[in-house]
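Spelled out, the chains give:
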Amino acid sequence: MDNRVKAFGLRVRYFRKRLGISQDDLADKANLHRTYVGAVERGERNISLLNILRLADALHVTAKELFDKDIDNQEH
């Protein structure tokens, strides 16, 4: 998969861990299936705009932050 898709997944994981919630909890909050969230975090899914917005809302961030946030030097 494209490196940008993998980078997006890493950002989702970063924000999820920052909130201290599991993939199951994130899936529930975003109204998505837990296996889908895992696949997004691993960069295995080409995610739709609607699902990006659902994840951003569930993570309490903007959709822009899921694309722009530099997490390379973060501990989570």
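In the nomenclature of an unreviewed UniProt entry, the protein chain corresponds to Helix-turn-helix domain-containing protein from the organism Floridaenema evergladense BLCC-F167.

Engineer: What am I meant to see in the packing of helix α2 (residues 23–30) against helix α3 (residues 34–41) here?
Structural biologist: Helix packing geometry: the angle between the two helix axes and the distance between the axes. The contact between α2 and α3 brings their axes to 8 Å, and the two run at 110°. Our classification of the angle between α2 and α3 gives roughly perpendicular. Mapping the contact onto sequence places Q23, D24, L26 and A27 in α2 and R34, V37, G38 and E41 in α3. Its residues assigned to classes, the contact of α2 with α3 shows three nonpolar, two polar and three charged.

Engineer: Sorry if this is basic, but what is going on with the side chain of R16 here?
Structural biologist: In this fold, R16 is placed in helix α1 (residues 3–19). For R16, the residues in contact, after removing those within four places along its chain, are I21, S22, Q23, L26, E41 and L59.

Engineer: I would appreciate a short explanation of α3 in the present structure.
Structural biologist: Note on helix geometry: an α-helix contains 3.6 residues per turn, so any two residues three or four positions apart are oriented the same way. Most of α3 is tucked away, with six of its eight residues classed as buried. All buried positions along α3 are accounted for by Y36, V37, G38, A39, V40 and E41. Elements that come into contact with the buried residues of α3 comprise α1, α2 and α4 (49–59). Following α3 by one or two positions, G43 adopts a phi angle in the positive range, close to 75°.

Engineer: Explain the environment of E44 to me, please; I cannot follow it from the model alone.
Structural biologist: Within the secondary structure, E44 sits in the loop between α3 and α4. Under the relative-accessibility criterion, E44 is labelled partly exposed at 45%. Along the chain, E44 and R11 lie 33 residues apart, while their C-alpha atoms are 14 Å from each other. A distance of 3.1 Å separates polar atoms of two side chains, one belonging to E44 and the other to R42.

Engineer: Looking at this model, I keep getting lost on the UniProt feature "domain: HTH cro/C1-type" (unreviewed entry) in the protein chain. Mind explaining?
Structural biologist: In the numbering used here, UniProt assigns the feature "domain: HTH cro/C1-type" (unreviewed entry) to residues 12–66. The distance from the first to the last C-alpha atom of residues 12–66 is 7 Å, and the span holds 71% helix and 0% strand.

How each quantity is defined
- Residues numbered from 1 in each chain as written.
- Predicted model: local features only at pLDDT ≥ 70, side-chain atom pairs only at ≥ 80, totals over all residues.
- Heavy atoms only, no water.
- Axes fitted to C-alpha atoms, helices over the stretch in contact; angles between N-to-C directions.
- Helix = DSSP H or I, 4+ residues; strand = E, 2+ residues; numbered from the N terminus.
- Parallel < 35°, antiparallel > 145°, perpendicular 65-115°, else oblique.
- Contact = heavy atoms within 4.5 Å.
- Nonpolar A, V, L, I, M, F, W, Y, C, P; charged D, E, K, R; others polar.
- Buried < 20%, exposed > 50% of the residue type's maximum accessible area, 1.4 Å probe, protein only.
- Polar contact = N/O pair within 3.5 Å; in protein donor to acceptor, adjacent residues only side chain to side chain.
- UniProt positions renumbered as here; feature names shortened; annotations may be inferred.

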